[in-house]
Amino acid sequence: KPHSSRKRLPVIPPGVEEPVFLDALEELRKHLGADNVERNDKPLKDGWYMEHPNTHDMMAIVDDEELVPSAIVYPGSTEEVQQVVLWANRHKIPIFPISMGRNFGYGGAAPRVRGSVVIDLGKRMNKILDISPEDCTCLIEPGVSYFALYNEIKARGYEHLWIDVPDVGGGSVLGNAVDRGVGYTPYGDHWACHSGLEVVLPTGEVIRTGMGALPGNNTWQTFPYGFGPYSDGIFSQSNFGIVTKMGMALMPNPGGYESFMYTFPNEDDLPDLIEIIRPLRISNILENVAQLRHITQTLASRGKPRSAYYTGSGIIPEEAIHAAAAATPVGDCTWIYYGMAYGPPHIRQYKLSIIDAEFKRVAGARRIDPSTLPPDEDFWARDRVAAGVPDIQELRWVNWMPNGAHIAFSPVSPIRGADATRLFALAKRRHDEFGIDIFPVFCVGLREMHLIVEIVFDRADPARRRAALDCLRCMIDDAAAYGYGEYRTHLVLMDQVAGTYNWNDGALMKFNEKLKDALDPNGILAPGRCGIWPKRYRNRGWEM
Ligand code: ADP
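Undergrad: Help me get a handle on the site of the ligand, residues and values and all.
TA: Neighbouring the ligand are 20 residues; Ser99, Met100, Arg102, Asn103 and Val243 lie closest to it. A distance of 2.7 Å is found between a nitrogen atom of the ligand and a side-chain nitrogen or oxygen belonging to serine 99. About the coverage of the ligand: the protein hides 96% of its 540 Å² of free accessible area. Mapped onto the shell around the ligand, the elements with two or more residues apiece are β3 (95-98), α4 (173-178) and β10 (242-249). It is α4 that provides the largest number of residues to the shell around the ligand, a total of four residues. Class assignment of the residues belonging to the shell around the ligand gives a composition of nine nonpolar, nine polar and two charged.

Written out as structure tokens, the structure reads:
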């Protein structure tokens, strides 16, 4: 491993002397118990997805020691979270909340400011507080993973309830929703499906949003808005509060489902295909957040390294990809659409026949018969995910490179052929320039697409790490020049991405800074997250 044996210097919060910090940690141990306050002073170990570290970004895109906390603390209740927040204010120590820290590709468990104290909420605050089989809702704490929620619903025998899961199911349901992650059932927009938050503010007060503000209510998880300004938005992709509870809608079991998969032969089938997809998606004939993937990623999803297909240097040649694809059960193609139809057979058939007629307008389109595909084929992992079953097979494409790590370019576009072509072309041009194989996938929301281009890089090779980061920085600027912005990004890119949302002389960021200074006068909560710096840090060289 690249770094586990390296001798480490102690990490301390910025602007605090080490002895003062050690005293402050002693004080915190009195509130939380000695076992629940740990210094980050042992060798950094990467582990793997299910045994991920909370000491650093396991998929480091910069030097491992750059994004590390000084300590990790484990509160067991909302009251203990308040204690940590009050403590941070007393000592002016930056804190950084995570739910479970499996936010891979966007920073994992790492804080933005080196030496912050990470609040790992997930370890002890992992209760499913309620599942309502009547309302089809749940109320959860930060440490509830998709696997845990899924298993609990099964254990209670609620066959009529489904959950929605992202590509990999080990993360926090709450953490993913507040970071506006997506899944692949009709409930794939996680933030849109939440209802009600409990939040510890940066000065230590606790609020409940929406109907949660009304004592004795029984509608916190069914009506998201309550009365007055809708405040939930400021607690997603921000640093304005620590979310300690969240309500979420659960999908009713649709009474049947069927995955389908179409392949399209040519790279330049993309615009026609996207034009076909848009009306079908907006009218809900295509019902889920489906994926339109490039064959390179599907090939990588088989789990073999790229050296199994090509041992030369530079980008893997197209002929090598197509030759390899032709030898798989899917066969040769360039784009693959993975979708699902929901409901009993006659309802599905109605939609599937429209989809079939429309997709086959693209010359050479093929519907792949799932019965021809072996159980470990990517198709079946997509099938589980689109049916709300947590899974981790998706991780396999990280094996494409040795010491594989990933980081994403994630711009949003309308569902239009011209936009898809422009974004794909700019990503491809930059990947060619930096010698990186391209893994694009269009995740089709309702009226927009998230293009997710995962860069898989060798994290033990500083030059390749650098190339990945440079490539990303160029793509973000190229995209912004055309008017496209990222829906989410890695810690080290947050300043750059926030800087692209600069209409009217940066009016939105000025507003965010005003909120930040009002809510967090000592600037202790996740400074710099999403490009929002508190006054104490602003314009002092922290931006990158
Ligand atoms: P996951 O468990 O889904 O992998 P994380 O716990 O890493 O995700 O959450 C993703 C990001 O969202 C974190 O880095 C953090 O900045 C933010 N976040 C997560 N949970 C909370 C929370 N409870 N309160 C405030 N911000 C949070």
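Undergrad: So what's going on with the domain arrangement of the protein? Residues and values would help.
TA: Segmenting the protein into domains produces domain 1 (18-120), domain 2 (128-252), domain 3 (257-495) and domain 4 (510-544). In this structure, domain 1 and domain 2 have C-alpha centres spaced 24 Å apart. Interface of domain 1 and domain 2: buried area, both sides summed, is about 1300 Å²; carbon and sulfur atoms make up 66% of it. Sorting the residues of domain 1 by area buried against domain 2 places Thr78, Ser99 and Met100 first, and these three jointly supply 37% of that buried surface. Applying the counting rule to domain 1 against domain 2 returns zero salt bridges. There are five residue pairs in polar contact (both at pLDDT 80 or more) connecting domain 1 and domain 2. Contributions of two or more residues to the side of domain 1 that touches domain 2 are made by α2 (78-91) and β3. In terms of residue count, α2 provides more of the side of domain 1 that touches domain 2 than any other element does, six residues in total.

Undergrad: Give me the pattern of salt bridges: which residues, what numbers.
TA: Counted under the stated rule, the structure contains 40 salt bridges. Between glutamate 198 and arginine 208 there is a salt bridge, with its nearest N and O atoms 2.9 Å apart. Highlighted residues: glutamate 198 in strand β8 (residues 194-200) and arginine 208 in strand β9 (residues 206-208), separated in sequence by 10 residues. On the basis of relative accessible area, glutamate 198 is assigned to the buried category, the value being 4%. For aspartate 378, the salt bridge identified is with arginine 293, shortest N-O distance 3.7 Å. Separated by 85 residues along the polypeptide, aspartate 378 in helix α9 (residues 378-386) and arginine 293 in strand β13 (residues 290-294) bring together distant segments of the chain.

Undergrad: Give me the lowdown on the nonpolar core, citing residues and values where you can.
TA: Ranked by size, the top nonpolar core spans 95 residues in total, and within it Trp87, Ile95 and Phe359 carry the most contacts. Examining the composition of this core, we find that eight residues originate from one element, helix α11 (residues 462-482), more than from any other. With residues up to four places along the chain from it excluded, the contact list for phenylalanine 359 reads Phe260, Tyr262, Phe264, Leu273, Ile276, Ile277, Leu280, Leu286, Tyr337 and Ala365. Listed in part, the 40 residues of the second largest apolar core include Cys136, Val144, Leu250 and Ile532.

Undergrad: Could you give me a rundown of unusual backbone geometry, with the residues and numbers involved?
TA: With a phi angle near 45°, glutamine 237 is a residue other than glycine that sits in the positive phi range. Inspection of the secondary structure assignment puts glutamine 237 in the loop between β9 and β10. Since its relative accessible area comes to 17%, glutamine 237 is described here as buried. One non-glycine residue, cysteine 530, adopts positive backbone phi at about 55°. Considering the arrangement of structural elements, one finds cysteine 530 in the segment after α13 (503-519).

Undergrad: I'd love a proper account of the side chain of threonine 263, names of residues and values included.
TA: The residue threonine 263 is located in strand β12 (residues 257-264) in this model. On the basis of relative accessibility, which here comes to 1%, the residue threonine 263 falls in the buried class. Aside from chain neighbours lying at most four places away, what touches threonine 263 is Val330, Cys333, Trp335, Ile336, Gly364, Ala365, Arg366 and Ile368.

About the criteria used
Residues numbered from 1 in each chain as written. Predicted model: local features only at pLDDT ≥ 70, side-chain atom pairs only at ≥ 80, totals over all residues. Heavy atoms only, no water. Near = heavy atom within 4 Å. Polar contact = N/O pair within 3.5 Å; in protein donor to acceptor, adjacent residues only side chain to side chain. Areas by Shrake-Rupley, 256 points an atom, 1.4 Å probe, with all protein chains shown as cover. Helix = DSSP H or I, 4+ residues; strand = E, 2+ residues; numbered from the N terminus. Nonpolar A, V, L, I, M, F, W, Y, C, P; charged D, E, K, R; others polar. Domains from an automatic or database assignment. Buried area = accessible area lost by both parts, 1.4 Å probe. Salt bridge = Lys/Arg side-chain N within 4 Å of Asp/Glu carboxyl O. Buried < 20%, exposed > 50% of the residue type's maximum accessible area, 1.4 Å probe, protein only. Core = buried A, V, L, I, M, F, W, Y, C linked by side-chain atoms within 4.5 Å. Contact = heavy atoms within 4.5 Å.

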